[in-house]
Structures are given as structure tokens and as C-alpha cells.
Amino acid sequence: MAKTLGMLFGIVFLAVGILGFVPGVTTTGPDGMPMLLNIFMVNTAHSIVHIASGAVFLFAAMAGAGPARLWFKIFGLVYAVVAILGFVTPNGMLLGMISNNPADTWLHVVLAAAMLLIGFATPKQTV
């Protein structure tokens, strides 16, 4: 299960990262920041993080269920920290380089919870 979900998350993260560079999908928000689907604030660094994360998800899933579960645990913790940072800086740049707004923050909360659940609650598989 973790392996399959890792592939799914990898594909979605890659797609979202690539869409962050597509002018028709990414528009300029009222504050001048690029907005993905007019909801999520993005910038080049944010999109590159999504592409890199998607690639690691795919590599971990291809390596097996164990590596996929480990990556879900690690990335779930990272996303939990990013969500906390998002609550500290609700509109602006996280760590001075990744754009953020409340929609991003709440998405990070949901993703962190889902990833941690997948990483810790899915059954250990050898395949």
C-alpha cells in the first residue's frame, strides 16, 4: 500500500510542481505573487521543491514498500514543520524563499497528517 501511495504522491507532486511554471494555470494574485489555480501561492523555489519531492517519492516507491514508508515518515515530519512555519508566517516567504499563504498552510497540515498516517499506520510489507 505504501509503495502504491508513494507512486501516487510522486506523480501528483511532480504535476503540481510542473503546473507552477505553466502561465495559464498560474496567475498573478492581487499582491503580485503567482497563484496556482488562484488558490495557492507559488514561486519558482516552491515549484522546484514540489518537483524534487515528487521525484524522491517516485524513487522511494520504486525501491519498495520499506523505503516508501520511511519517506512518508520523513516527509510527513518535514511538512508538519512547514505547516507550523506557515502559521507563524501566514502570508509571505517561508525561510526567505518559499511563498506561502493560509491555503498553502492548511494543505500542508492535511498532507503532513496523511503522510504520517501512511508512514506509520500502513502494514509493513516486504515487496
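Participant: Got a minute to help me understand the packing of helix H3 (residues 65-88) against helix H4 (residues 102-121) in this structure?
Facilitator: In a packed pair of helices, the relevant descriptors are the angle between the two axes and the axis-to-axis distance. Viewed as axis vectors pointing N to C, H3 and H4 meet at an angle of 155 degrees, and their least axial separation amounts to 7 Å. The orientation of H3 with respect to H4, classified from their angle, is roughly antiparallel. By crossing handedness, the relation of H3 to H4 is classed as left-handed. Along its contact with H3, which presents Arg69, Phe72, Lys73, Phe75, Gly76, Leu77, Tyr79, Ala80, Val82, Ala83, Gly86 and Phe87, the element H4 presents Thr105, Trp106, His108, Val109, Leu111, Ala112, Met115, Leu116, Ile118, Gly119 and Phe120. Tallied by class, the residues present in the contact of H3 with H4 amount to 16 nonpolar, five polar and two charged.

Participant: Can you walk me through unusual backbone geometry in this structure?
Facilitator: Among all residues except glycine, the phi angle is most often negative; among peptide bonds, the trans geometry is most common. In this structure, asparagine 38 is a non-glycine residue whose phi angle is positive, near 60 degrees. Secondary-structure assignment places asparagine 38 in the loop between strand S2 (34-36) and strand S3 (40-41). The class of asparagine 38 is exposed, set by a relative accessible area of 57%. At leucine 95, a residue that is not glycine, the phi angle is positive and equals roughly 55 degrees. Mapping leucine 95 onto the fold places it in the loop between strand S4 (92-94) and strand S5 (98-100).

Procedures and definitions
Residues numbered from 1 in each chain as written. Predicted model: local features only at pLDDT ≥ 70, side-chain atom pairs only at ≥ 80, totals over all residues. Heavy atoms only, no water. Axes fitted to C-alpha atoms, helices over the stretch in contact; angles between N-to-C directions. Helix = DSSP H or I, 4+ residues; strand = E, 2+ residues; numbered from the N terminus. Parallel < 35°, antiparallel > 145°, perpendicular 65-115°, else oblique. Left-handed = near helix turned anticlockwise from the far one by under 90°. Contact = heavy atoms within 4.5 Å. Nonpolar A, V, L, I, M, F, W, Y, C, P; charged D, E, K, R; others polar. Buried < 20%, exposed > 50% of the residue type's maximum accessible area, 1.4 Å probe, protein only.

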